[in-house]
Amino acid sequence: AQSVTQLGSHVSVSEGALVLLRCNYSSSVPPYLFWYVQYPNQGLQLLLKYTTGATLVKGINGFEAEFKKSETSFHLTKPSAHMSDAAEYFCAVSDSSGGGADGLTFGKGTHLIIQP
Amino acid sequence: DAGVIQSPRHEVTEMGQEVTLRCKPISGHNSLFWYRQTMMRGLELLIYFNNNVPIDDSGMPEDRFSAKMPNASFSTLKIQPSEPRDSAVYFCASSFAVGGLGYTFGSGTRLTVV
């Protein structure tokens, strides 16, 4: 079974400040890891994903995340927050082996608030 | 590519009524997923299909919920009878690969049961 824990249901940062959204996962097999963003009244959009290879993954809108196996973490960062980054962010894990369900298991989400 | 298309976008119905939500996946995608999103429980996987066959429906909350995928381009999620606690946003997603790769979400159906 897989699970995802996102620390902090709400994170508030000032415009221009560093954004750090935390995600820890649990998986019995090598995981695929994802970050999604959801703007109000919209579906989820993929920000970035980790499958294999380089552990630092770059995504859209200046976001990146680093896979740390020893810490079972996949934290999302952005050096300088912009007002347009205000949204709900979801971390997700899936089974890379293909033997189990193909569905993603999501964390409960972190609401990112950008202060002017 | 029009993406994953869900209808209706909003649905308001009275308790006890039947509700049918619809989803058209991206052409060529062979997996389809139904999720429910609420403030209390977040995003929950209800059921998923692979090549039109239901693979895992362990997330379906109870017998009032049923889902079908009669062909590769159409799926429905039905609630009968509906209850106020079913109020949520229901998302459909489709994928062409294993491991959650290639996932694309629809815009969701906001269901309100009064």
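We now turn to the structure provided with this report.

Reading guide: rules and limits
Residues numbered from 1 in each chain as written. Chains lettered and ligands numbered in written order. Predicted model: local features only at pLDDT ≥ 70, side-chain atom pairs only at ≥ 80, totals over all residues. Heavy atoms only, no water. Salt bridge = Lys/Arg side-chain N within 4 Å of Asp/Glu carboxyl O. Buried < 20%, exposed > 50% of the residue type's maximum accessible area, 1.4 Å probe, protein only. Helix = DSSP H or I, 4+ residues; strand = E, 2+ residues; numbered from the N terminus. Pairing = 2+ DSSP bridges. Axes fitted to C-alpha atoms, helices over the stretch in contact; angles between N-to-C directions. Contact = heavy atoms within 4.5 Å. Polar contact = N/O pair within 3.5 Å; in protein donor to acceptor, adjacent residues only side chain to side chain. Nonpolar A, V, L, I, M, F, W, Y, C, P; charged D, E, K, R; others polar. Core = buried A, V, L, I, M, F, W, Y, C linked by side-chain atoms within 4.5 Å.

1. As for the pattern of salt bridges
All names here are of chain B.
So, point 1. Under the criterion given, the structure shown has 10 salt bridges over all chains.
So, point 2. Between E44 and R41 there is a salt bridge; the shortest N-O distance is 2.7 Å.
So, point 3. Taking relative accessible area as the criterion, E44 reaches 15% and is therefore assigned buried.
So, point 4. A salt bridge links D86 to R64; its shortest N-O distance comes to 2.7 Å. Within this pair, whereas D86 is found in the loop between β8 (74–79) and β9 (88–95), its partner R64 is found in the loop between β6 (53–56) and β7 (65–71), the two being separated by 22 residues in sequence.

2. Considerations on the sheet that holds strand β7 (residues 64–68) of chain A
Residue and element names in this part refer to chain A.
So, point 1. Strand order in the open sheet made by the 5 strands is β1-β3-β8-β7-β6, with antiparallel pairing throughout. Pairing within the sheet leaves two strands with one partner each, and these edge strands are β1 (3–7) and β6 (56–58). Along the sheet, successive strands turn relative to each other by an average axial angle of 20°, direction set aside.
So, point 2. Summarising the sheet, β1 and strand β3 (residues 19–26) pair through 5 bridges and their orientation is antiparallel. Its bridge partner being in β3, S3 is matched across the sheet by S26.

3. Observations concerning the pairing of strand β11 (residues 110–115) of chain A
Residues and elements named next belong to chain A.
So, point 1. Here β11 shows a buried face lined by T110, L112 and I114 and an unburied face lined by H111, I113 and Q115.
So, point 2. Where strand β2 (residues 10–14) and β11 come together, 5 bridges link them in parallel fashion. Note that in β11 the partner of V13 across the bridge is I114.
So, point 3. For strand β9 (residues 87–95) and β11, the ladder comprises 3 bridges, and the chain directions are antiparallel. Paired with A87 across the two strands is L112, which belongs to β11.

4. Looking at the environment of A1(A)
Residues and elements named next belong to chain A.
So, point 1. As for its placement among the helices and strands, A1 is situated in the segment before β1.
So, point 2. By relative accessible area, which is 92% here, A1 ends up exposed.
So, point 3. Spatially, the C-alpha atoms of A1 and P116 are 41 Å apart, while their sequence positions differ by 115 residues.
So, point 4. Excluding residues that lie within four positions of it along the chain, A1 makes contacts with S26, S27 and S28.

5. A few points about the interface of chain B and chain A
So, point 1. Taken together, the contact pairs 22 residues of chain B with 21 residues of chain A.
So, point 2. Across the contact surface, chain B and chain A share 0 salt bridges.
So, point 3. Applying the counting criterion to the chain B and chain A interface returns 5 residue pairs in polar contact (both at pLDDT 80 or more).
So, point 4. Put simply, the parts of the chain that give the side of chain B that touches chain A at least two residues each are β4 (31–38) and β5 (42–50) of chain B.
So, point 5. Across the side of chain B that touches chain A, the residue classes tally to 11 nonpolar, 7 polar and 4 charged.

6. Some words on the nonpolar core
So, point 1. If you look at the biggest cluster of nonpolar residues, it comprises 27 residues, and the most contacted ones within it are W35(A), L48(A), L76(A) and Y89(A).
So, point 2. Every element with two or more residues in this core is listed here: β2, β3, β4 (31–38), β5 (44–50), β7, β8 (73–78), β9 and β11 of chain A.
So, point 3. Of all hydrophobic cores here, the second largest spans 21 residues; its members include A67(B), M69(B), Y90(B) and L111(B).

So yeah, pure geometry; function would need other evidence.
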